[in-house]
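Tertiary structure, described
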Amino acid sequence: MCGICCTVSLTNGCDYSDSLHYDNLRRRGPNSSRQLNKSDSSHGYTCFFSGHVLHLRGQLTPQPLQDDNDNVFLWNGEVFGGIEVSPIDNDTKIIFSQLNSCNYDCDILSILSQIRGPWAFIYYQATNNSLWFGRDFFGRRSLLWKFTQDLEKALCLSSVAETFSKSDLIQWQEVPASGIFRFDLTSYKTLNYVALTWYPWKTASKEIILDEDHSQILKDLPLFITLTKCESEALIAPIASLNRQMPEALAESRCTSSVNSVTLEDLKMLFTPNNRKNVKLFINVLSEAVRRRVLNLPRHHGYSTIENERKANVAILFSGGIDSMILAALADCHVPQNEPIDLLNVAFMMKETSTQKKNTKSNSKIKQLPSSINSTYVEPSIVSCLFDVPDRITGRAGLKELKAINPGRTWNFVEINITLEELKAMRQQHISQLVYPLATVLDDSIGCAVWFASRGVGLLAKEGEKQPFTSTSKVVLTGIGADEQLAGYTRHRVRFKNLGHEGLVEELSMELGRISSRNLGRDDRVIGDHGKEARFPFLDEDVVSFLNALPVWEKADLALPRGLGEKLILRLAAVELGLTASSVLPKRAMQFGSRIAKMEKSNERASDKCSRLQPSTTD
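What comes next concerns the included structure. Since the model is a prediction, treat every value here as computed from it, not as a measurement.

Two quantities define a packed helix pair, namely the angle between the helix axes and the distance between the axes. Helix H12 (residues 390–405) packs onto helix H8 (residues 322–334) with a crossing angle of 25 degrees between their chain directions and a minimal axis gap of 11 Å. One way to sum up the angle between H8 and H12 is to call them roughly parallel. Considering only the axes of H8 and H12, their crossing is right-handed. Along the contact surface, H8 presents Met325, Ala328, Ala329 and Asp332, while H12 presents Gly398, Glu401, Leu402 and Ile405. A class-by-class count of the residues in the contact of H8 with H12 yields five nonpolar, one polar and two charged.

Here it is, written out as structure tokens:
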């Protein structure tokens with residue numbers, strides 16, 4: 001994980017090193033910070049690069065990197081496959097070396113196509129006076145751009161928007177994950193406009209996918225920038241195409257009268273010889289994706305002989321739901337046995353009930369709670385009463401299941417309790433800038449919940465008492481991508497009910513196509529703010545290709561009731577892994593399970609623009 005930034009000036013002699021401040025970028029990359037200026041007086045441009053590194057792999061390598069030919073590289077990514085990187089090597093150096101060996105544009109695109117893992121990059125190619133940049137196919141790493149009419153800051157690229165004022169609201173946007181971009185740094189001086197080239201992703205059959213509308217990209221660009229779409233045979237998407245096969249007959253509804261009647265035995269009865277084979281294959285490919293993400297990191301604290309001193313290197317955003325339970329069970333297969341795993345469970349303080357209001361003594365204690373109770377001793381009964389949100393209840397139940405599977409593992413169930421006062425304070429200080437440029441009520445709810453959860457500051461039960469605890473893990477696993485691929489949302493049921501399997505397939509295709517702009521950039525910015533790296537096993541290229549190859553009814557059967565039909569293959573995998581009650585829990589969105597939704601306003605819709613995320617009117 002790194003914080004990367006580049007500012008392009010189309011005038012000579014601009015030096016931003018003294019005037020720009022990169023606090024948000026430094027929070028992402030606390031282990032090394034470095035800046036670099038590159039000017040070309042003959043072509044009339046200056047590029048300022050800033051790199052901030054979170055060290056997770058190989059030898060610590062400060063960024064930006066520069067070679068003897070004046071090429072410059074900024075990399076925020078992890079290579080999990082496609083290009084060989086040994087455990088002792090640094091992937092930034094290897095990718096930079098390969099890019100520098102390229103003679104043609106198609107060579108650069110071919111190398112980027114080979115990489116398996118999340119990435120965002122900025123590459124200054126001195127010989128061609130070009131600035132290359134982009135995000136991986138899914139957009140698992142954040143990269144924002146801002147074009148301005150001011151030639152001294154014609155283009156800014158950054159992992160996160162550093163400034164946040166009224167004037168910025170119409171400027172910063174997420175770089176589309178629909179392809180790779182090349183900025184011609186010489187064109188303005190010779191042509192009086194800047195040439196920006198867009199290379200869209202293509203399938204192996206040469207079909208363009210994730211095809212961002214050309215006009216949509218153009219609409220926010222200044223008049224002095226032209227955008228050319230260049231279809232290259234070299235930029236091939238790293239996943240298999242979605243299987244659009246339709247069943248011979250429409251499925252009939254098998255819904256029971258009540259979701260409460262769904263049991264583990266109901267789920268076990270759905271095993272067939274064919275789906276059992278698919279389930280085992282799915283477990284293997286997902287397990288390998290988890291293995292890559294929990295072993296590719298330095299392990300400095302895990303091997304203390306004193307149990308209480310052992311520190312976790314891997315944490316999981318944990319609700320006790322099916323997605324996080326599967327990740328925990330598979331992480332348990334690969335994380336060294338004597339190393340704890342942190343289960344990060346966030347809850348927002350519930351409003352007082354009528355019973356609490358009647359109890360004057362209890363009510364007075366509630367009013368006296370500190371703004372942050374994660375580092376303060378508070379009577380456990382009071383804390384439990386206020387923070388027993390749905391995700392806390394299912395989280396505790398999930399913890400029991402994990403302990404039954406592996407009682408020898410130290411499972412750190414971290415209760416992260418957030419009051420309204422702390423929510424408001426941290427949103428204003430940090431979170432609003434990280435969620436930006438997204439701005440809906442849903443973005444606010446999920447962004448805040450993920451920020452507090454990944455921070456990992458909470459309470460941990462030890463020897464019968466809850467004590468303040470802070471997770472030391474630099475890697476945070478998250479289950480995003482499961483619902484999008486396996487029909488986990490309510491809207492998937494609506495589409496299936498109205499338009500059958502064909503409508504469901506189209507909805508799932510759209511989900512994967514828009515996940516970069518709806519979720520991943522935001523979550524990367526939010527988690528990275530703590531100097532931690534978000535890792536997404538369900539969006540591993542091999543996992544997505546496996547699921548894409550299956551016909552839709554083998555992944556989800558929405559003729560079945562909630563708790564069974566959605567994410568069916570994942571639920572069957574949970575049974576194979578020894579999970580019990582969690583395998584039939586119905587989907588519950590994080591904003592509702594943690595009780596952050598409606599915490600401040602009860603009449604909001606998720607798609608509404610959130611006033612709480614807006615900057616002050618003073619610049």
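Here we come to the pattern of salt bridges. Under the defined criterion, the tally for this structure stands at 48 salt bridges. Among the salt bridges present, the one from Glu511 reaches Arg491, with a minimum N-O distance of 2.7 Å. According to the relative accessible area criterion, Arg491 is partly exposed, its value standing at 30%. Through salt bridges with shared partners, a single network forms among Arg28, Arg57, Glu78, Asp91, Arg141, Asp524, Glu533 and Arg535.

In this structure the tally under the stated criterion is 20 aromatic pairs. Between the aromatic rings of Phe133 and Trp145, the centroid separation amounts to 6.0 Å while the plane-to-plane angle is 70 degrees, which identifies the pairing as edge-to-face. Here Phe133, found in strand S7 (residues 130–135), pairs with Trp145, found in strand S8 (residues 144–147); they are twelve residues apart in sequence, far enough to count as distant. The class for Phe133 is buried, based on a relative accessible area of 0%. Given a relative accessible area of 5%, Trp145 falls into the buried group.

Here the focus is the environment of Ser473. For Ser473, the location among the structural elements is in the loop between strand S18 (465–470) and strand S19 (475–477). Accessibility expressed as a relative area gives 1% for Ser473, which makes it buried. Not counting residues up to four positions away in its chain, the partners in contact with Ser473 are Ala312, Asn313, Val314, Ala315 and Lys532. Of note is the side chain of Ser473, whose polar atom sits 3.1 Å from the backbone nitrogen of Ala315.

Before going further, it helps to spend a moment on unusual backbone geometry. Residue Pro64 follows Gln63 across a cis peptide bond; omega there is 5 degrees. As for its position among the elements, Pro64 is in the loop between strand S3 (45–53) and strand S4 (65–66). Pro437 follows Tyr436 through a cis peptide bond whose omega is 15 degrees. Mapped onto the elements, Pro437 comes out in the loop between helix H13 (420–435) and helix H14 (441–455).

Turning our eyes to something else, we now look at the nonpolar core. Grouped together as the largest cluster of nonpolar side chains are 73 residues, with contacts concentrated most on Phe73, Phe121, Phe348, Phe452 and Leu539. Per-element accounting of this core gives the leading share, eight residues, to H14. When neighbours within four sequence positions are excluded, Phe348 is seen to be in contact with Leu386, Phe387, Val389, Ile418, Leu423, Cys448, Ala449, Phe452, Ser594, Arg595, Ile596 and Met599.

Let us now look at the sheet that holds S3. An order of S2-S3-S1-S9-S8-S10 is seen for the six strands of this open sheet, with the pairing classed as antiparallel. Each edge of the open sheet carries a strand with a single partner, namely strand S2 (32–40) and strand S10 (173–174). In this structure, S8 lies alongside strand S9 (residues 155–158), joined through four bridges in antiparallel fashion. Residue pairing for S9: Lys146 is matched across the bridge by Cys156.

We now examine the pairing of strand S16 (residues 411–418). Among the eight residues of S16, eight are classified as buried, and the element is accordingly described as predominantly covered. Where burial is concerned, the two faces of S16 agree: the one with Trp411, Phe413, Glu415 and Asn417 and the one with Asn412, Val414, Ile416 and Ile418 are both buried. One ladder, built from eight bridges, connects strand S15 (residues 341–348) with S16; its direction is parallel. For Leu344, the partnering residue across the bridge sits in S16 and is Val414.

Definitions and limits used
- All chains use their own residue numbering, which begins from 1 and follows the written sequence.
- With the structure being a predicted model, the display of local features is reserved for residues of pLDDT at least 70 and the display and counting of side-chain atom pairs for 80 or more, all residues being used for whole-chain, interface and lining totals.
- Hydrogens and waters are ignored; side-chain quantities use all the structure's heavy atoms.
- Simply put, an axis is a line fit to the C-alpha atoms, just over the touching stretch for a helix, and the angle between two N-to-C directions goes from 0 to 180 degrees.
- For helices the rule is a DSSP run of H or I covering at least 4 residues; for strands it is a run of E covering at least 2, with both sets numbered from the N terminus onward.
- Roughly parallel here means an angle under 35 degrees, roughly antiparallel means over 145, roughly perpendicular means 65 to 115, and every remaining angle is called oblique.
- In this scheme the handedness of a crossing depends on how the near helix is turned from the far one: anticlockwise by less than a right angle means left-handed, clockwise means right-handed.
- In what follows, residue pairs with any heavy atoms lying within 4.5 Å of each other are defined as contacts.
- For this classification, the nonpolar set comprises Ala, Val, Leu, Ile, Met, Phe, Trp, Tyr, Cys and Pro, the charged set comprises Asp, Glu, Lys and Arg, and every other residue, Gly included, is treated as polar.
- Only one rule defines a salt bridge in this text: a Lys or Arg side-chain nitrogen within 4 Å of an Asp or Glu carboxyl oxygen.
- Here the term buried applies to any residue with accessible area under 20% of the maximum for its type, exposed to any over 50%, and partly exposed to those in between, with areas from a 1.4 Å probe on protein chains only.
- Stacked, tilted and edge-to-face are the three classes applied to pairs of Phe, Tyr and Trp rings, where Trp contributes its six-membered ring and a pair requires centres within 6.5 Å; stacked means planes under 30 degrees apart, edge-to-face means over 60, and tilted covers the rest.
- We call two N or O atoms a polar contact when they sit within 3.5 Å, provided that within protein one can donate a hydrogen and the other can accept it, with sequence-adjacent residues counted only if both atoms are side-chain atoms.
- What we call a nonpolar core is a set of buried Ala, Val, Leu, Ile, Met, Phe, Trp, Tyr and Cys residues that are connected through their side-chain atoms within 4.5 Å.
- For two strands to be treated as a pair, DSSP must find at least two bridges joining them.

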